[in-house]
Amino acid sequence: MEKLGMNEIREKFLSFFESKGHLRLPSFSLIPKNDKSLLLINSGMAPLKPYFTGKETPPSKRVTTCQRCIRTPDIERVGKTARHGTFFEMLGNFSFGDYFKKEAIPWAWEFVTEVLGLPVDRLWVSIYEEDDEAFEIWNKIVGLPPERIVRMGKEDNFWEIGTGPCGPSSEIYFDRGEEKGCGKPTCGVGCDCDRFIEFWNLVFTQFNKDERGNYHRLPNPNIDTGMGLERIATIMQGVDSIFDVDVIRGITNFVSKIAEVEYGKDAEKDVSLRVITDHIRGITFMISDGILPSNEGRGYVLRRLLRRAARHGKLLGINDTFLYKVVDSVIENYGEAYPEIIERKDYIKRIIKLEEERFKETIDQGLTILQDYISELKVQGKTVLEGSKAFKLYDTYGFPLDLTKEILQEAGITVDEEGYTKELEKQRIRARSSRKEDNSLWEQDIYSTLGDIKTKFVGYDTYESDSKVLAIVKDEELVEEAEAGDDVSIILDVTPFYAESGGQIGDKGVLENENALIKVNDCKKIGDKFIHTGTIERGLISVGDEVKAQIDVVSRRNAARNHTVTHLLHKALKEILGDHVHQAGSLVADDRLRFDFSHYQAVTKEELKQIENRVNEKIYQSLNVHIEEKTYDEAVKEGAVALFTEKYGDKVRVVKIDDYSMELCGGTHVKNTNEIGIFKIVSESAVGAGLRRIEALTGLAAIKYLGEKEEILKEASDLLKVQDKEIISKIESLQQVLKTKDKEIEQLKIKMASILADSLINSAISLDGIKVVVSKVEDYDSEALKALGDILKDKLKIAAVVLASSTPEKAIFVGMATKDVVQKGINMGAIIKEVCKVSEGNGGGRPDMAQGTGKNLSKVDEALNKAIDIVKEQLKN
């Protein structure tokens, strides 16, 4: 059998099924589209669910893909086993009600034996125990001996998720030889050892399971197959681990050079090399698809992968940022199959480098927190760190358990590993439960039961249409008619209503005839059906009725202004901030617009003014907006901008603003930029790591906003009794006066604090040669307390100080200690933490300086007494 590389296998598979009449689709984005049940695409079938359920019409009844996937529930096993990885590719061929077992099984056999050349005598298959049809095909048509066709139960060979489509499956296994087996007499297909490797799963979706558990045959059954590219590559290349496959090993070798470590020489170092190799592949593709590191959702998955990889780099002795360099190797090995990562190389590397730098800061924070935990344990006289705290250090700050144990050991402290493991398992269960939510998408909603009903959209060319009511939904049920007062969703055969898409809101308007008036508040699209949601204002509406569908023209035109201006804004951002800028989301409403984009720092006032001016220049140049349909390849070749997160078909709609901007877009637009009138930015802010947001107005909304600003300016000039142009200089003059007054007040405070300090020194107590001041003072904020603490330290030389004050809402605590006192065992971070707890608050900090607040003002005196007790206890230890 020929040793084929991963890239060769991928191409051979896709080409083979193209020869069988399949449409080759590129890998879908890792971000699920219209599927809230998944954080990330985790199988080849996942992005095709709408085609299997009938919610959308597939571009072809036969499809083949190589889908990029991410799975993280078993993340802790990555690098430690030969097969576990968070990133993988899934080869698949799919039939949506076209061919079935008689084609799928022989084609699978033809591919593995004739195209890949796997030895027939080393191939086995499993089938569902009751699937005689599959047995007959494998035995009679393919010619596989009965003893190599293993019947297995529902748990192994029947695919179902709750109710809905389901069916038996058949798996193909490769026998790696007796030497790889467990030696048991029962060793065979299904054994847990490494001898028989399942590499291709063929699912025959031929039933629909109802709520009573009955199985009904589907009139048009489906085929869904999945073969792990990495797994078949291990078989073809005769290696034991996915990390030894050519493409993946190339990345491992690159990491080895950076770390100056030879792969295969040290088991622990090999784990780290494999973790980095696995994670950097997923990281690269996630960022390429528009995901950014954050603390929730898929952004958290990305951050976790990135920080785990960075941490393993530290374990290899790599102290500088390095992951962004490894992207070069990922692109070298995967760029031919996925050219988009070549185009987005600089963007991907910048995001990774930025996150690596942030992680270095986070590790330092984690060290501080761990030191606080150690001090706290010493105060309490304990020698075991809670498992939940060790897990927090791991989960939030990237501290591996081994590092936590190592630092604790130096302080004579151990960790509750059982408690840590329990927290880790809870996290795994949470991760797995997200997969179980998969059910929801397979349950057919009310619109999926409507079969081939379709809506023709005519809203690009007209604001109204004569339409027919095809379906009415009321209270989540199909009804034949509805009356005044009812909230309904109506499907028409033809509509001018734009359905919410691409960030643009759905149209509003009315549906009307002699008998009824429906006010439409929104329009959404499910598959090919446009759902007009609203309230019946008068009369009765029935399925089959003819209506006049009319959109709110003013609202549509305002939305069109805002949509066209997002294209101008996108281009202006690239020109002024740089080519790294990519659109990351938008809201195009009729009264405002919001535009999210990739950028690594706040946009300066000067840059915002440049951007705003550039957009307004293009508005007043009266540029024509041209819209035409092209093939995707033609459009991209001509320079059209495609969005990371969108998936495009063969035919795309190109919106070109003369020679200035060209993007792929399905939204509504003005015909000339002069229709926009004016563009005004109202805010710029951060919405995530490396992600910024601009909010803006156009047309009359912008004019109204500027009018309001003018009113404020007039009021300010009246109050200051100056002309508009003199407002700034007048404010600056007043600020200078206030600054002078503040300095005078500050000097008085220092004098008063010095007098107060002398009084507090007289009340200080002595403990082991240390002056201890614990006192409550009135009307001091935290900064004033700290200043007073500094004076006390300077005057006493060797001192521990705990001060408290209060406002009507809270108590304020500050603790300070001189260097000599800290060396004697005093830790203000631990002291203030316990003090704040007494007054039902929180606090902490460094051994020499800490602060916090309390909610219960009545317990301030009790808290201060606690401070004295803790100081005594720390000095004893």
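Residues numbered from 1 in each chain as written. Predicted model: local features only at pLDDT ≥ 70, side-chain atom pairs only at ≥ 80, totals over all residues. Heavy atoms only, no water.

Before going further, it helps to examine the overall build of the chain. Scanning the chain from N- to C-terminus turns up 25 helices and 34 strands. Going through the 877 residues of the chain one by one, you find that 51% of them count as buried. Of the contacts formed within the chain by residues at least 6 apart in sequence, a portion of 68% connects residues at least 24 apart. Averaging the positions of the 124 positive and the 147 negative side-chain charges in the chain gives two centres separated by 4 Å. (Helix = DSSP H or I, 4+ residues; strand = E, 2+ residues; numbered from the N terminus. Buried < 20%, exposed > 50% of the residue type's maximum accessible area, 1.4 Å probe, protein only. Contact = heavy atoms within 4.5 Å. Lys, Arg positive; Asp, Glu negative; His and termini not counted. Charge placed at Lys NZ, Arg CZ, Asp CG, Glu CD.)

The biggest cluster of nonpolar side chains holds 114 residues, and the ones touching the most others in it are Leu118, Trp138, Phe199, Trp200, Ile232, Tyr334 and Ile352. Apart from residues lying up to four places away in sequence, Leu118 is in contact with Met1, Val112, Thr113, Leu123, Phe174, Phe199, Ile232, Ile235 and Met236. The next biggest cluster of nonpolar side chains, apart from the first, holds 29 residues, and it includes Ala560, Ile576, Leu593 and Leu608. (Core = buried A, V, L, I, M, F, W, Y, C linked by side-chain atoms within 4.5 Å.)

Right, let's get into the sheet that holds strand β27 (residues 679-688). Pairing is antiparallel across the open sheet formed by 4 strands, whose spatial order is β22-β23-β28-β27. On the outer flanks of this sheet lie β22 (583-588) and β27, each paired with one strand and no other. Strand after strand, the sheet turns through a mean of 15 degrees between neighbouring axes, direction not considered. (Pairing = 2+ DSSP bridges. Axes fitted to C-alpha atoms, helices over the stretch in contact; angles between N-to-C directions.)

This next bit is on empty space enclosed by the protein. What the rule picks out here adds up to 3 cavities of 30 Å³ or more. What lines the largest cavity is Ala310, Lys314, Ile318, Asn319, Asp320, Thr321, Phe322, Glu356, Phe359, Lys360 and Ile363. Broken down by secondary-structure element, the contributors of at least two residues to the lining of the largest cavity are α9 (297-315) and α12 (345-380). For the lining of the largest cavity, the element with the highest residue contribution is α12, accounting for 4 residues. Considered class by class, the residues forming the lining of the largest cavity number 5 nonpolar, 2 polar and 4 charged. (1 Å grid on protein atoms, 1.4 Å probe; cavity = no way out; pocket = protein on both sides within 12 Å on 5 of 7 lines; lining within 4 Å. Points joined across faces, edges and corners; volume = space filled by probe spheres on them. Nonpolar A, V, L, I, M, F, W, Y, C, P; charged D, E, K, R; others polar.)

Here we take up a negative patch on the surface. A surface patch of negative charge is lined by Asp475, Glu476, Glu477 and Asp487. On the secondary structure map, Glu477 appears in strand β14 (residues 477-479). Residue Glu477 is classed as exposed on the basis of its relative accessible area, which comes to 53%. (Patch = residues over 30% accessible without salt bridge, like charges linked within 9 Å, V, L, I, M, F, W, Y side chains within 5 Å. Areas by Shrake-Rupley, 256 points an atom, 1.4 Å probe, with all protein chains shown as cover. Salt bridge = Lys/Arg side-chain N within 4 Å of Asp/Glu carboxyl O.)

Strand order in the open sheet formed by 6 strands is β29-β30-β31-β32-β34-β33, and the pairing between neighbours is mixed. The sheet terminates laterally at β29 (765-767) and β33 (842-845), the two strands that pair on one side only. Between one strand axis and the next, the sheet turns by 15 degrees as a mean value, whatever way the strands run. Across 4 bridges, β33 lies against strand β34 (residues 849-854) in antiparallel orientation. Residue Gly843 lies in a different strand from β34, and its bridge partner there is Gly852.

Moving on to the pairing of strand β28 (residues 691-698). Most of β28 is tucked away: 6 of the 8 residues are buried. Pairing of strand β23 (residues 593-598) with β28, which is carried by 6 bridges, proceeds in the antiparallel orientation. Across the sheet, residue Arg594 finds its bridge partner in β28, namely Glu695. Taken together, the 8 bridges between β27 and β28 define a ladder with antiparallel strand orientation. Counterpart to Ala686 in the pairing with β28 is Arg692.

Bringing helix α18 (residues 605-620) into the picture now. Relative to the 22 Å expected for 16 residues at 1.5 Å per residue, α18 spans 22 Å between its end C-alpha atoms, a close match to the ideal helical length. Among all positions in α18, only Glu607, Leu608, Ile611, Glu612, Val615, Asn616, Lys618 and Ile619 are buried. Buried residues along α18 cover an arc of 170 degrees about the axis, so they all sit on one side. Away from the buried face of α18 by more than 90 degrees, exposed residues Glu606 and Tyr620 are located. Contacts from the buried residues of α18 go to α17 (553-577), β27 and β28. Looking at the residues trailing α18, positive phi occurs at Ser622, about 50 degrees. (Expected span 1.5 Å × (residues − 1). Arc of directions from axis to C-beta.)

Tracing the sequence through the fold places Ser29 in the loop between β1 (23-24) and α2 (49-53). From its side chain, Ser29 meets the backbone nitrogen of Ile31 in a polar contact 3.0 Å long. (Polar contact = N/O pair within 3.5 Å; in protein donor to acceptor, adjacent residues only side chain to side chain.)

Here we come to unusual backbone geometry. Its identity is not glycine, yet Glu476 carries a phi of approximately 65 degrees, on the positive side. Its location among the elements puts Glu476 in the loop between β13 (464-474) and β14. Judged by relative accessible area, which is 63%, Glu476 ranks as exposed. Positive phi outside glycine occurs at Lys721, with the angle close to 60 degrees. Secondary-structure assignment places Lys721 in the loop between α20 (699-720) and α21 (727-762). Taking relative accessible area as the criterion, Lys721 reaches 73% and is therefore assigned exposed.

Another point: the pattern of salt bridges. Going through the model one piece at a time under the given rule, you end up with 54 salt bridges. Here Asp522 and Lys524 are joined by a salt bridge, their closest N and O atoms 3.1 Å apart. Glu575 is the salt-bridge partner of Arg614, the closest N and O atoms lying 2.7 Å from each other. You can see Arg614 sitting in helix α18 and its partner Glu575 sitting in helix α17, a full 39 residues away along the chain. Overall, the relative accessible area of 23% leaves Arg614 in the partly exposed class.

For Arg344, the position within the fold is in the loop between α11 (340-343) and α12. Among buried charged residues, Arg344 stands out as having no salt bridge; its nearest opposite-charge side chain is Asp289, 4.6 Å away. Within the local environment of Arg344, its side chain forms a polar contact with the backbone oxygen of Ser288, the two atoms lying 2.9 Å apart.

The N-to-C vectors of α17 and α18 enclose an angle of 130 degrees; their axes lie 9 Å apart at closest approach. Of the possible angle classes, the one that applies to α17 and α18 is oblique. Our pair here, α17 against α18, has a crossing hand that is right-handed. Residues Val565, Leu568, Leu569, Ala572, Leu573, Glu575, Ile576 and Leu577 of α17 pack against Glu607, Gln610, Ile611, Arg614, Val615, Lys618 and Ile619 of α18. Across the contact of α17 with α18, the residue classes break down as 10 nonpolar, 1 polar and 4 charged. (Parallel < 35°, antiparallel > 145°, perpendicular 65-115°, else oblique. Left-handed = near helix turned anticlockwise from the far one by under 90°.)

Take Ile341: it is sitting in helix α11. Discounting residues that sit within four places of it in the chain, Ile341 has contacts with Thr284, Phe285, Ser288, Val330, Ile331, Tyr334, Gly335 and Ile348.

This part is about the packing of aromatic side chains. Inspection of every chain in the model, using the stated rule, returns 29 aromatic pairs. Look at Phe158 and Phe207: their rings are 6.4 Å apart centre to centre, the planes differ by 20 degrees, and that puts the pair in the stacked class. Of this pair, Phe158 sits in strand β6 (residues 158-159) while Phe207 sits in strand β8 (residues 196-209), placing them 49 residues apart in sequence. What makes Phe158 buried here is its relative accessible area of 11%. Summarising the aromatic geometry, the rings of Phe457 and Tyr498 are spaced 6.2 Å apart at their centres and angled 70 degrees between planes, so their arrangement reads as edge-to-face. In this pair, Phe457 sits in strand β12 (residues 456-457) while Tyr498 sits in the loop between β17 (494-495) and β18 (509-512), placing the two residues 41 residues apart along the sequence. We classify Phe457 as partly exposed; its relative accessible area is 21%. Within the aromatic cluster, the residues linked to one another by ring pairs are Phe13, Phe16, Phe17, Phe111 and Trp200. The ring of Tyr338 has Arg68 lying over it, and the distance from NZ or CZ to the ring centre is 5.4 Å. Positioned over the ring face of Tyr460 is Arg653, at 3.6 Å from the centre of the ring. (Phe/Tyr/Trp six-rings, centres within 6.5 Å; stacked < 30°, edge-to-face > 60°. Lys NZ or Arg CZ within 6 Å of the ring centre and 35° of its normal.)

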